[in-house]
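Observations on chain architecture
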Protein chains: 2
Amino acid sequence: MTHLVLALDFGGTKLSAALFDRAEHHDGRPRRLDLRREWTAAGADADSEWSTMLRLARGMLAGRAPAAVGVSFGGPVDHDAGLVRLSHHVRGWENIPLRDRLMAEFDAPAVVDNDANVAALGEWRFGAGRGVDDLLYITVSTGVGGGWVLGGRPWRGHDGMAGEIGHTVVDPAGPVCLCGKRGCVERLASGPFMAADYEEAKGRKEDGEAMTGRDMAEAAASGDELAQAFLLRGAWALGAAIGNAANLANPQRFILGGGVTKSGEAWWVEVRRAARATALPEVRFDIVPAELGDDAPLWGAVALTDL
Amino acid sequence: MTHLVLALDFGGTKLSAALFDRAEHHDGRPRRLDLRREWTAAGADADSEWSTMLRLARGMLAGRAPAAVGVSFGGPVDHDAGLVRLSHHVRGWENIPLRDRLMAEFDAPAVVDNDANVAALGEWRFGAGRGVDDLLYITVSTGVGGGWVLGGRPWRGHDGMAGEIGHTVVDPAGPVCLCGKRGCVERLASGPFMAADYEEAKGRKEDGEAMTGRDMAEAAASGDELAQAFLLRGAWALGAAIGNAANLANPQRFILGGGVTKSGEAWWVEVRRAARATALPEVRFDIVPAELGDDAPLWGAVALTDL
């Protein structure tokens, strides 16, 4: 009887594979035996990503069979059918039966879910959500997405689409999002959109490069009032959406991860203020930083094999 | 072994008690044996309401013992503790252990929940939500409230506060609500607020009486453009909140009840349009009228005894 769990993370820019021993624990987490990463090559497609991932996994397994395979995929997934619907970054992933392929390859049960849901599971079982039955995990990065745990179980929604807090509207008079609506959280609070708005107001960087979310956060930290204003508008948008979500679903905790959450204390203060101002006084919750960082999908993939 | 279920509805303006036989079904619902109603008297308090409800119930039971008692209460309830927190209409209900009182009185298990949650259960088991596992019931009346069923179970939230869609914000530049926030759904879409806005723009009625939601809906139906504008603004607000809720939690169905839903086809068209425009294309749902009308809390009280 093997205790090996294979965790795979098909990310937007890199592929990660890790091997865990779920019979051995360390700090309340399964022991991680190995971790291998590879950047996605330019021109990669689904076939080349599959081959790369198999190579990483086989290298770690060295002939051993895993007891289970858990997968985080960076795009829409039909969890029940184990089907990848598509990737927003890499072509060829349309309607790929990833679960069945993995089961055939490794002769073990496999579970596949999208990265936001998987990261939520990771934080719930091994990170900032330990001991909490009802939470929304939100990643605030190039996009804004989320995953629910409600009543001590993942809540994926009727069509597996739950958690799309990034496309809730907080300001119907706001700027137009890629999705076509005005004033989505993602349009106001994601790194690239905040940076683009800042660049449009401020002008290009001196080196001619495009402004990034990190550039803007650094400018805000060093006192640039324009950068501060765009950052705080994003924090307000996220906080307002959190307050609305608290009134609607009343989770105990919101866990925030992703690059934008590293934007400094003023950002956190405004997120919490706007959320509290939007929620009814009787609706209680806290808002805390994620603990697992970039590894949340891998830890979540382990959790996924053991629900 | 008795099959009698006693269903009690402590409403804002009236008390209702009904007796059901859960061993006999009619159109897929338990057979209703009796129904008694009494308007809340001016100056009523918790003690007088309790006495009135006991009289109604004992009159129907005629000495028989019920197998279970289900209760809908028009105000915040701690479901797990069986405690009424308060009534917004009648004084003296602060922290009343209603469940334990009923269990002592009728020597049977009792369950208490707030009216929005109970109506949601009623529609789910016996009305417009039959066969649907994931739904949000919304009442649009003097206030706007809601109750969830998710994964085939009631979802009350971590503190029993879930479903407060009426106090989600859809327009941060909107008018100020009683709760202190701008642009809540309840401020824009509830009958009394729409009527007050219409009256302020149009002036008092000819008979000097205050404008009601029904007056405004009738004016809209007979072509008054100002009344139509306020009604459609309310429909937009509700629809936008439904679209946000769909993105967040991805239920299969939204069920709308309450007096404002009788405002005519144009209202429904705008609710559905705004909801569809706010939700992501992949997020599917339908929006349907409630089927049980004013009796939803009584049917829900029956469902509450059998979860």
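Here the structure is a predicted model, which is why all the values come from computation and not from measurement.

All names here are of chain A. Entries for chain A in the domain assignment read domain 1 (4-121 + 294-304) and domain 2 (131-290). Between the C-alpha centres of domain 1 and domain 2 there is a distance of 27 Å. Taken together, the contact pairs eight residues of domain 1 with 13 residues of domain 2. Counting residues per element, the side of domain 1 that touches domain 2 draws most heavily on helix H3 (residues 115-126), at five residues. Residue composition of the side of domain 1 that touches domain 2, by class: five nonpolar, two polar and one charged.

Taken together, a rotation about one axis and a shift along it account for how the two chain copies relate. For the pair chain B and chain A, the relating rotation is 180 degrees, the translation along its axis is 0.0 Å, and the fit reaches an RMSD of 0.0 Å. The superposition of one copy onto the other is thereby described by a two-fold rotation axis. Of the residues that chain B buries at the interface, 100% are likewise interface residues in chain A, meaning the two copies contact each other through the same surface.

What follows is about the interface of chain B and chain A. The interface is formed by 33 residues belonging to chain B together with 33 residues belonging to chain A. Take the side of chain B that touches chain A: its biggest share by element is six residues, from helix H7 (residues 225-249) of chain B. Of the residues in the side of chain B that touches chain A, the class split is 17 nonpolar, nine polar and seven charged.

We now examine helix H5 (residues 191-202) of chain B. Residues and elements named next belong to chain B. Across its twelve residues, H5 extends 16 Å between first and last C-alpha, which sits within 8% of the 16 Å expected from 1.5 Å per residue. Along H5, the residues that are buried comprise Gly191, Phe193, Met194, Ala195, Asp197 and Tyr198. Among the residues trailing H5, Gly203 stands out with phi positive, at a value near 100 degrees.

A few words now on the pairing of strand E7 (residues 110-114) of chain B. Residue and element names in this part refer to chain B. Judged by how many residues are buried, E7 sits mostly within the fold: five of five residues are covered. Here five bridges tie strand E4 (residues 68-73) to E7, and the two strands are oriented parallel to one another. For Ser72, the partnering residue across the bridge sits in E7 and is Asp113.

Residues and elements named next belong to chain B. Close contact between helix H3 (residues 115-126) and helix H9 (residues 296-304) brings their axes to 7 Å; oriented N to C, the two are set at 80 degrees. The angle between H3 and H9 falls in the class roughly perpendicular. Here Asp115, Val118, Ala119, Ala120, Leu121, Gly122, Glu123, Arg125 and Phe126 of H3 come into contact with H9, specifically with Ala296, Pro297, Trp299, Gly300, Ala301, Ala303 and Leu304. By residue class, the composition of the contact of H3 with H9 is eleven nonpolar, two polar and three charged.

It is worth spelling out the environment of A:Ser190 at this point. All names here are of chain A. Structurally, Ser190 can be placed in the loop between helix H4 (185-189) and helix H5 (191-202). For Ser190, a count of 29 C-beta atoms within 10 Å puts it in the buried group. A C-alpha to C-alpha distance of 6.0 Å links Ser190 and Val140, two positions 50 residues apart in sequence. Beyond its immediate stretch of four places on either side in the chain, Ser190 contacts Val140, Ser141, Thr142, Gly143, Val144 and Val260.

Here we take up helix H8 (residues 265-278) of chain A. Residue and element names in this part refer to chain A. In this model, H8 (14 residues) spans 20 Å end to end at C-alpha, consistent with the 20 Å of a helix rising 1.5 Å per residue. Buried within H8 are the following residues: Trp267, Val271, Ala274, Ala275 and Thr278. Viewed end-on, H8 has its buried residues packed into an arc of 100 degrees, placing them on one side of the element.

This part covers the sheet that holds strand E11 (residues 253-257) of chain B. Where strands meet in a sheet, backbone hydrogen bonds hold them as pairs that are either parallel or antiparallel. Residues and elements named next belong to chain B. Strand order in the open sheet made by the five strands is E10-E9-E8-E11-E12, with mixed pairing throughout. Edge positions in the sheet fall to strand E10 (153-155) and strand E12 (286-289), since each of these pairs with one other strand and no more. Mean inter-strand twist for the sheet, computed between neighbouring axes without regard to direction, equals 25 degrees. In this sheet, E12 lies alongside E11 in parallel orientation, the contact comprising four bridges. Note that in E12 the partner of Ile255 across the bridge is Val288.

Right, let's get into the sheet that holds strand E8 (residues 135-140) of chain A. Residue and element names in this part refer to chain A. Spatially, the five strands line up as an open sheet ordered E10-E9-E8-E11-E12, and their pairing is mixed. At either margin of the open sheet sits one strand with a lone partner, and together these are strand E10 (153-155) and strand E12 (286-289). Each strand axis lies, on average, 25 degrees off the axis of its neighbour in the sheet, ignoring direction. Alignment of E8 against strand E11 (residues 253-257), held across five bridges, turns out to be parallel. Its bridge partner being in E11, Tyr137 is matched across the sheet by Ile255.

Before going further, it helps to spend a moment on unusual backbone geometry. You will see that A:Asp27, though not glycine, has its phi angle at about 55 degrees, which is positive. Inspection of the secondary structure puts A:Asp27 in the loop between strand E2 (14-26) and strand E3 (29-39). Even without a glycine there, the phi angle at B:Asp107 is positive, about 55 degrees. Here B:Asp107 shows up in the loop between helix H2 (98-106) and E7.

So, how was this worked out
Throughout, a residue's number is its position along its own chain's written sequence, starting from 1. Note on labels: chains are lettered from A, ligands numbered from 1, in written order. This being a predicted model, a pLDDT of at least 70 is required before a residue's local features are given, and a value of 80 or more before pairs of side-chain atoms are given or counted; all residues contribute to the totals for chains, interfaces and linings. Annotation comment: domain bounds sourced from an automatic or database domain assignment. By the criterion used throughout, residues are in contact when their C-beta atoms, derived from the backbone, lie within 7 Å. Each helix is a run of DSSP H or I of at least 4 residues and each strand a run of E of at least 2, with the numbering of both proceeding from the N terminus. Asp, Glu, Lys and Arg are counted as charged, while Ala, Val, Leu, Ile, Met, Phe, Trp, Tyr, Cys and Pro are counted as nonpolar; the rest, among them Gly, fall into the polar class. The atoms used to superpose the copies are C-alpha atoms, taken from residues with pLDDT of at least 70 in both, and the fit is least squares. To estimate how far a helix should extend, the number of its residues minus one is multiplied by 1.5 Å. In this scheme every C-beta is placed from the backbone, and a residue whose C-beta has 20 or more other C-beta atoms within 10 Å is buried, one with 12 or fewer is exposed, and one in between is partly exposed. Here a strand pair is declared whenever DSSP counts at least two bridges between the two strands. Under this scheme, a helix contributes an axis fitted over its contacting stretch, all axes are lines through C-alpha atoms, and angles between N-to-C directions fall in the 0 to 180 degree range. Under this scheme an angle from 65 to 115 degrees is roughly perpendicular, one under 35 degrees roughly parallel, and one over 145 degrees roughly antiparallel; angles in between are oblique. This arc is built from the directions going out from the helix axis to the C-beta atoms.

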